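# Structural overview
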Amino acid sequence: MRVISVYYVVFLVVFSGLISYYNGVNASLLDDDKEALLDFVNKVPHLHVLNWSESTLICSNWTGITCNADLTRVIAVRLPAVGFNGEIPGDTISRLSALEILSLRENGISGRFPSDFGRLKNLSMLYLQFNSLSGPLPDDFSAWENLSVLNLSNNRFNGSIPKSISSLSLLSALDLSNNSISGEVPDLGLPNLQVLNLSNNNLTGIVPKSLQRFPRSAFVGNDVGFVNSSVEQSDVSPVPGVRPKPRNWWRQAWFLAIVIGCGVLGIVAFGFLFFACCLRRKDDDGFTGKFPKGSMSPEKTISGSQDSKNRLVFFEGCNYAFDLEDLLRASAEVLGKGTFGMSYKAILEDANVVVVKRLKEVSAGKREFEQQMELIGSIRHENAVALRAYYYSRDEKLMVNDHCSQGSISAMLHNQRGEDRIPLDWETRLRIAIGAARGITHIHSVNGGKFVHGNIRSSNIFLNSQKYGSVSDFGLATVMSPLAPPISRAAGYRAPEVTDTRKATQASDVYSFGVFLLELLTGKSPVHATGGDELVHLVRWVHSVVREEWTAEVFDLEILRYAHVEEEMVEMLQVALTCVARVPEQRPKMPDLLKMIEDVRQSLAEAHPENTTATSSPPH
Ligand SMILES: *[C@@H]1O[C@H](CO)[C@@H](O)[C@H](O)[C@H]1NC(C)=O
């Protein structure tokens, strides 16, 4: 007995010793990180004062610093436009061995690419664009196997593109534009690469096949050609839409004339802007406008008050690191015109994809707008598309949402009818209905149960990662000018009472959702043409068909082909028809409605337990 307790004591002593040793190690690692950063900042002159001090907590107080979850290491350093000047001293930043993200963009950093950065083995994102770095790119990239974003654009790098970049198997964005890099473009492979920009360098030769999938604008301002796949290797066609480098003297003269002309214009315009900026910034924090880009990055808003009036406001839990300029610079694609304005899909330089909505006709003032955005941004639910950030200025109101890659349910239902379309089976439609109902039910519970979606329609409903419906575009009606008479499709979703009151309510949401259910069941648009040119409202059409007892006629042929689903569909039809009751008080409330919809699947499962998978089997 005594022997055991002696062992026990020895064990305890050793164990607690180990623990305190371990803690000591951790504390000292964070201290090492701290020393490395202080070393760096003390050696490099900078315009802005950083609030880094020995005596404050590095993880919670230091500007631009992010620690890991247990606050033992520094994992991100973001110091854009701090006004750093000079070289990055060796053995400073490179001592941050746990570093994953480093952003020193838009500074005046000069010298060569720091040779000791190879020690940053965990680096996944490196942003050094808009500095004055020169010399060749590092020869050996193999140390950075986690690197996913590399932006070295707008520096003075020369030499060639190192072949070893092709070893970065996780690389998703590579921007080397606006440098003086020469030589041929190596065949990089890089299957995960989504963003590439090599424009405005001195590259020559033929762009390898593996990189020809990128837009030609990724290569402009070089002397490179593209091979036509059907033509011999020697037949090189110049980049279409891209002016080859001028060769004749008169071309050069023209070119010079244009350049000088643009230059003069540019200087005038820049001078004007500069002047305007200085006037506006006078009462700011002494930032003299040396860096022409009045960046509004989230990093900067931490540190000071500048631009606090007009900046992108991010919500908690947003992992994106971008600012307004990045948004404006991102390659954007028009997604469509919604009820409240245009939507764009923006691919950021780190390959994140977001949806930017430009709101037109916002009637709310700044405060009211912000309050509503805060409310919308607080909604986090797996069946509601999250708002990540917003922007408000006099001329521009933006909302930034997650992007759903599969497109809206409207597109899935109505695009490409006929041809080689993938049918939307009943199983999927059921999950869409259940998901959307869950999302709306949650939304209706927000703000003390007073929140209204206000714009339910199939183009605002998407698939989430579990392939259930997910709603977006909620809560906007209150900040927008009173709804104008709706155009075309949108009209079909509008509850009859809203036409007069112009005010969306939870009951009118239920009506719109009912129309959406009918759309899922019939495959028809809420307002559609029948036979002649006459436009028919879906609700009226369904009523008329059902009244004549042709119930089966209403359903989308695409789902009717599947066995054993008709009962479910008839049940769902009844649920939908209660939603589109004329009198608002007769419509169900969302929580009850959700239960009814969930029961549709439930009841089938009980009635035909052996057929639960029949819904997705091929047509009989
Ligand atoms: C590459 O950068 C240039 C200049 O910065 C820009 O004009 C071009 O659109 C960019 N191309 C791509 C594919 O991002």
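All of these numbers come straight from a predicted model, not from anything done at the bench. (Residues numbered from 1 in each chain as written. Predicted model: local features only at pLDDT ≥ 70, side-chain atom pairs only at ≥ 80, totals over all residues. Heavy atoms only, no water.)

### A closer look at the sheet that holds strand β1 (residues 65–67)
Two pairing modes exist for strands in a sheet, parallel and antiparallel, and in both the strands are linked by backbone hydrogen bonds. Read from one edge of the open sheet, seven strands run β1-β2-β4-β6-β8-β10-β12, paired in mixed fashion. Sheet topology places β1 and β12 (195–197) at the edges, where each strand pairs with a single neighbour. In this sheet, adjacent strand axes meet at a mean angle of 10° when their direction is disregarded. One ladder, built from three bridges, connects strand β6 (residues 125–127) with strand β8 (residues 149–151); its direction is parallel. Considered in β8, the bridge of Y127 is made with N151. (Pairing = 2+ DSSP bridges. Helix = DSSP H or I, 4+ residues; strand = E, 2+ residues; numbered from the N terminus. Axes fitted to C-alpha atoms, helices over the stretch in contact; angles between N-to-C directions.)

### As for the site of the ligand
As a matter of local geometry, the ligand sits amid N178, L196, N197, S199, P215, S217 and A218. Side-chain polar atom of S199 to an oxygen atom of the ligand: 3.2 Å apart, as the coordinates give it. S217 is positioned with one of its side-chain polar atoms (N or O) 3.0 Å from a nitrogen atom of the ligand. Across the complex, the protein chains shield 56% of the 360 Å² of accessible surface that the ligand would expose by itself. For the shell around the ligand, the residue count by class is three nonpolar, four polar and no charged. (Near = heavy atom within 4 Å. Polar contact = N/O pair within 3.5 Å; in protein donor to acceptor, adjacent residues only side chain to side chain. Areas by Shrake-Rupley, 256 points an atom, 1.4 Å probe, with all protein chains shown as cover. Nonpolar A, V, L, I, M, F, W, Y, C, P; charged D, E, K, R; others polar.)

### With respect to the confidence of the model for the protein chain
Of the residues in the protein chain, 74% have a pLDDT of 70 or more, and the chain-wide mean is 77. Every residue in residues 270–308 is under pLDDT 50, and counting partners more than four places away or in other chains gives 53 contacts. (pLDDT = per-residue confidence, 0-100. Contact = heavy atoms within 4.5 Å.)

### Quick word on the sheet that holds strand β18 (residues 341–347)
Read from one edge to the other, the open sheet built from six strands follows the order β16-β20-β21-β19-β18-β17, with strand pairing classed as antiparallel. Looking at which strands have only one partner, the edges of the open sheet turn out to be β16 (313–314) and β17 (331–338). Here strand β19 (residues 353–359) pairs with strand β21 (residues 397–402) via five bridges, running antiparallel. For V355, the partnering residue across the bridge sits in β21 and is N401.

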